[in-house]
Amino acid sequence: MLLIDVVDPFLLDRATLTRRGLSDTSRAAYRADVATWARQIARLDGRLPQRPTADDPDPFRVVAVADLTETTIKSAYRVIRLTEAPATVQRRVGTLRLLVHWLQVEGHLVGDPTLRIEAPLRPTRLPAGWDDAELARLATTVWADRPGRPNARRWPALERACFAILATTGLRAAELCALTNLSIRDAGQEALLDVIGKGDQQRAVPIPPEAVSVVQEYVAERDARLGTQPPSGPLLLTTQAAPLTRGALRHLVDGWISRSGISRFDGEAVHALRHSYAKGLIRSGVPAPAVQTLLGHQDLKTTGIYVKATAADVRDAALLSPARRVLRDVVGPATAGAAGARPDG
């Protein structure tokens, strides 16, 4: 039995048993994880070349369930661990264990060939974000007229709408690009943004009137330029009347960062705006459960990372206190250098 015969039933089973079901993105990620294992196993004995080519067969069609042995999996794991990030490897191992368990339950596999594999620990990184002064510089850059030749593909109103939504709601890039003309709705004294997040989970995020005004200015300009758009159509369109994509959004945000000269963090630049939004809420005293709801986190532990990050910001800010310089001037550098010593009693 080949993997091509079991991968779709496995994904269907996951969609049935998972509480939230499987979104298209999650289904594609599971499938990609299994394909990675199949590809590495097939390369071990030459069924697939070490260097991929356009003529390579589907790895699901050359690897059998019987090929999932402890020996082959350990060999494939060595390669995967050396070539991919720890978080990615951890996910690949988790998917393989789910597949192996399902194969055992269905009677397709005897024993668990993954028992001796220990996935690497996911590195603990506090989310990086910009402070208020840096966000102000970023906003000034977005609103500033850019010198030089006019660019037919650049649309200042679109960029301002993107910034306004990202900075005041903390949306993910995919969530922003998925907004429709019906996503912003009036809810009495406030406006709400209906968002479809991970796992197709829906949430309503308050959007301040300042941001709504910026978006309305873009929509008026968009409709004047491209014609009135259908209610269910994408909210954010480019100058070519195409829906805004994550790649195009990433390009816009990268440009803002470069022109403003603010810090650039590892990872996707768009997500730094989400981090900034979350940390700003925590610093303002918003309870973690409320921040969890606004961000669409399934687990409060995820939101807790922002609490830790904000605590680190407070600690770093405390170290900048002018009183430290005053104390150094009084007690002298030698005594100040022993600041880590604990006083008696």
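Everything quoted here is computed from the prediction, not taken from an experiment.

Brief notes about the packing of aromatic side chains
Inference 1: The final tally for this structure, using the stated rule, is six aromatic pairs.
Inference 2: Judged by centre distance (6.4 Å) and plane angle (15°), the rings of tryptophan 37 and tyrosine 77 are stacked. Here the residue tryptophan 37 occupies a position in helix α2 (residues 24-44), and tyrosine 77 occupies one in helix α3 (residues 70-83), the gap between them amounting to 40 residues.
Inference 3: The buried category is assigned to tyrosine 77, whose relative accessible area is 9%.
Inference 4: Between phenylalanine 163 and tryptophan 256, the aromatic rings sit 5.9 Å apart at their centres with planes inclined by 75°, giving edge-to-face as the arrangement. Taken together, the residues span a long stretch of sequence, with phenylalanine 163 in helix α6 (residues 156-169) and tryptophan 256 in helix α9 (residues 246-260) at a distance of 93 residues. Of the two residues, phenylalanine 163 and tryptophan 256, neither departs from the other in class, the shared state being buried.
Inference 5: Every member of this aromatic cluster is reached through a ring pair, and the members are Phe10, Tyr30 and Trp102.
Inference 6: Sitting over the ring of tryptophan 155, arginine 225 keeps its end group 4.2 Å from the ring centre.

Overview of the sheet that holds strand β3 (residues 202-207)
Inference 1: The strand order across the open sheet formed by three strands is β1-β2-β3, and the pairing between neighbours is antiparallel. Both outer strands of the open sheet, β1 (184-187) and β3, are each paired with one neighbouring strand and no more. Between one strand axis and the next, the sheet turns through 35° on average, direction left out of account.
Inference 2: By the bridge criterion, four bridges tie β1 to strand β2 (residues 190-196) in an arrangement that is antiparallel.

Brief notes about the nonpolar core
Inference 1: By size, the foremost hydrophobic cluster in this structure holds 49 residues, and its most contacted members are Ile165, Leu176, Leu236, Leu249 and Trp256.
Inference 2: Among all residues touching tryptophan 256, those that are not within four sequence positions of it are Leu138, Thr141, Val142, Glu159, Cys162, Phe163 and Leu273.
Inference 3: In terms of nonpolar packing, the next biggest core, distinct from the first, is built from 32 residues, Ile41, Leu68, Ile80 and Ile117 among them.

Quick look at the pattern of salt bridges
Inference 1: As enumerated under the stated definition, the model contains 13 salt bridges in all.
Inference 2: In this structure, aspartate 8 and arginine 31 form a salt bridge, with 2.6 Å as the shortest nitrogen-oxygen distance. Highlighted residues: aspartate 8 in helix α1 (residues 7-17) and arginine 31 in helix α2, separated in sequence by 23 residues.
Inference 3: Ionic pairing is found between glutamate 70 and arginine 116, a salt bridge with its closest N-O pair at 3.2 Å.

Some remarks on α3
Inference 1: Between its first and last C-alpha, α3 extends 20 Å over 14 residues, near the 20 Å set by a 1.5 Å rise per residue.
Inference 2: Listed in full, the buried residues belonging to α3 are Thr72, Ile73, Ala76, Tyr77 and Ile80. Down the axis of α3, the smallest arc covering the buried residues is 130°, so these residues share one side. Residues of α3 that are exposed and angled more than 90 degrees away from the buried face: Thr71 and Leu82.

Here we look at the side chain of threonine 36
Inference 1: Mapped onto the elements, threonine 36 comes out in helix α2.
Inference 2: Those residues in contact with threonine 36, other than ones at most four positions away along the chain, are Ile80, Glu84 and Arg92.

Things to note about the environment of proline 208
Inference 1: Within the secondary structure, proline 208 sits in the loop between β3 and α8 (209-226).
Inference 2: Sequence separation of proline 208 and isoleucine 165 is 43 residues, and the distance between their C-alpha atoms is 9.2 Å.

Reading guide: rules and limits
Residues numbered from 1 in each chain as written. Predicted model: local features only at pLDDT ≥ 70, side-chain atom pairs only at ≥ 80, totals over all residues. Heavy atoms only, no water. Phe/Tyr/Trp six-rings, centres within 6.5 Å; stacked < 30°, edge-to-face > 60°. Helix = DSSP H or I, 4+ residues; strand = E, 2+ residues; numbered from the N terminus. Buried < 20%, exposed > 50% of the residue type's maximum accessible area, 1.4 Å probe, protein only. Lys NZ or Arg CZ within 6 Å of the ring centre and 35° of its normal. Pairing = 2+ DSSP bridges. Axes fitted to C-alpha atoms, helices over the stretch in contact; angles between N-to-C directions. Core = buried A, V, L, I, M, F, W, Y, C linked by side-chain atoms within 4.5 Å. Contact = heavy atoms within 4.5 Å. Salt bridge = Lys/Arg side-chain N within 4 Å of Asp/Glu carboxyl O. Expected span 1.5 Å × (residues − 1). Arc of directions from axis to C-beta.

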